[in-house]
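Results of the structural survey
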Amino acid sequence: MDQNIKEYNRPIQWLRGVAVLAVIVFHFDKNLLPGGYLGVDLFLVISGYLVGGSIIKNRLGSLDELLKFIEKRFWRLVPALFVVILFGLILFSILATPDESHEAIKAAMSSLFGVSNIYFWTSGGYFAGSTDYNFLLHTWSLSLEWQYYLTFAILCLLAFRLNQGSHLDLILAFVFLLSFVLSVLGSHYFDSANFYLLPGRFWEFIAGTIVWRLHNSKQMGQYSLTSTFLGINFGF
């Protein structure tokens with residue numbers, strides 16, 4: 001990796017570290033960092049920046065390109081997830097009760113199929129006591145990312161096929177606002193679904209993609225990646 005790429009990725013790595021550390025501290029002791037769970041939100045924005053930017057840059061213009069993109073993401077994420085699940089289930093079957101093992105198997109299957117966020121949503125929610133000791137609870141955000149990858153890739157494919165992507169910025173803005181409004185309403189009326197499901201989270205991914213667009217535009221070229229990223233994050 002050359003020096004330019006290292007410098008380009010360094011702010012992303014620092015932000016990822018902050019996000020992961022915040023979530024770890026929150027789960028270790030909620031009183032130490034009550035808002036530590038917001039590290040997940042930051043991580044989703046980072047994913048939107050990296051993957052959303054990659055999709056736009058590569059201009060997925062055909063079904064074949066879309067399938068290649070999905071295959072690439074599959075081999076990047078699923079093998080490691082499978083190993084974690086396999087060893088986790090083996091250990092869990094030794095230490096846990098039969099009922100807990102049964103729930104872990106259901107969580108494992110939902111994780112492998114990219115729908116564990118839906119599974120945990122129907123199991124009581126992120127802050128429910130019933131999920132406190134489920135070693136696969138963290139996979140809900142991975143499933144959310146999978147759903148974003150597919151949805152956003154299809155959205156871009158349609159945009160590039162219909163009008164060569166000339167209205168992509170307008171589409172991003174519209175989807176961002178729509179999801180943000182749903183998120184605000186969801187926080188009042190259906191907070192668990194809002195927390196777990198893609199419609200109320202999509203705006204966070206899109207925020208990251210907008211950062212990518214801004215950072216790679218001539219108008220914003222004089223600003224650093226860090227300042228642009230933090231400006232978007234703390235602005236919302």
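For the structure itself, consult the block above.
Summarised in this report is the structure supplied together with it. This one's a predicted model, so the numbers in the text were calculated from it and none came from an experiment.

1. A few points about the nonpolar core
The biggest cluster of nonpolar side chains holds 53 residues, and the ones touching the most others in it are I55, F120, Y148, F152 and I206. At twelve residues, helix α6 (residues 139–163) tops the list of elements feeding residues into this core.

2. What about the pattern of salt bridges?
Tallied over the full model, the rule gives five salt bridges. The partner of R201 in a salt bridge is D41, with the nearest N and O atoms 2.8 Å apart. Here R201 is found in the loop between α8 (191–196) and α9 (202–215), whereas its partner D41 is found in helix α2 (residues 38–58), with 160 residues between them in sequence. We note that R201, like D41, is buried. A salt bridge links K106 to E103, with the shortest nitrogen-to-oxygen separation between them at 3.1 Å. Residue K106 and its partner E103 are located together in helix α4 (residues 98–112), separated by three residues, close to a single helical turn. Through salt bridges that share partners, D41, R201 and E204 make up one connected network.

3. Quick notes on α9
With 14 residues, α9 ought to run about 20 Å at 1.5 Å a step, and its terminal C-alpha atoms sit 20 Å apart, in line with that. Buried within α9 are the following residues: F202, W203, E204, F205, I206, A207, G208, T209, V211, W212 and H215.

4. What about the packing of helix α3 (residues 63–95) against α6?
Where α3 contacts α6, the two axes come as close as 10 Å, and the packing angle between them is 170 degrees. Taken as axis vectors, α3 and α6 run roughly antiparallel relative to one another. For the pair α3 and α6, contact is made by L63, L66, F69, I70, R73, F74, L77, V78 and L81 and by T139, L142, W146, Y149, L150, A153, I154, L157 and R161, respectively. Of the residues assigned to the contact of α3 with α6, the class counts are 15 nonpolar, one polar and two charged.

What counts as what
Per chain, residue numbering runs from 1 following the sequence as it is written. Totals for whole chains, interfaces and linings use all residues, but because this is a predicted model, local features are given only for residues with pLDDT of at least 70 and pairs of side-chain atoms are given and counted only at 80 or more. Based on all heavy atoms of the structure, the side-chain values leave hydrogens and waters out of the count. Remark: nonpolar core denotes a set of buried residues (Ala, Val, Leu, Ile, Met, Phe, Trp, Tyr, Cys) joined through side-chain atoms within 4.5 Å. Each residue gets one of three labels from its accessible area relative to the maximum for its type: buried under 20%, exposed over 50%, partly exposed in between, using a 1.4 Å probe on protein chains only. Per the convention used, a helix needs a DSSP run of H or I reaching at least four residues, while a strand needs a run of E reaching at least two, with both numbered from the N terminus. When a carboxyl oxygen of Asp or Glu is within 4 Å of a side-chain nitrogen of Lys or Arg, the pair counts as a salt bridge. Under the convention used throughout, the expected extent of a helix is 1.5 Å for every residue step, that is, one less than its residue count. Working convention: axes come from line fits to C-alpha atoms, limited for helices to the stretch in contact. Angles between N-to-C directions cover 0 to 180 degrees. For this classification, under 35 degrees means roughly parallel, over 145 means roughly antiparallel, 65 to 115 means roughly perpendicular, and everything else is oblique. In what follows, a contact means two residues having at least one pair of non-hydrogen atoms within 4.5 Å. Residues are grouped as follows: nonpolar covers Ala, Val, Leu, Ile, Met, Phe, Trp, Tyr, Cys and Pro; charged covers Asp, Glu, Lys and Arg; every other residue, Gly included, is treated as polar.

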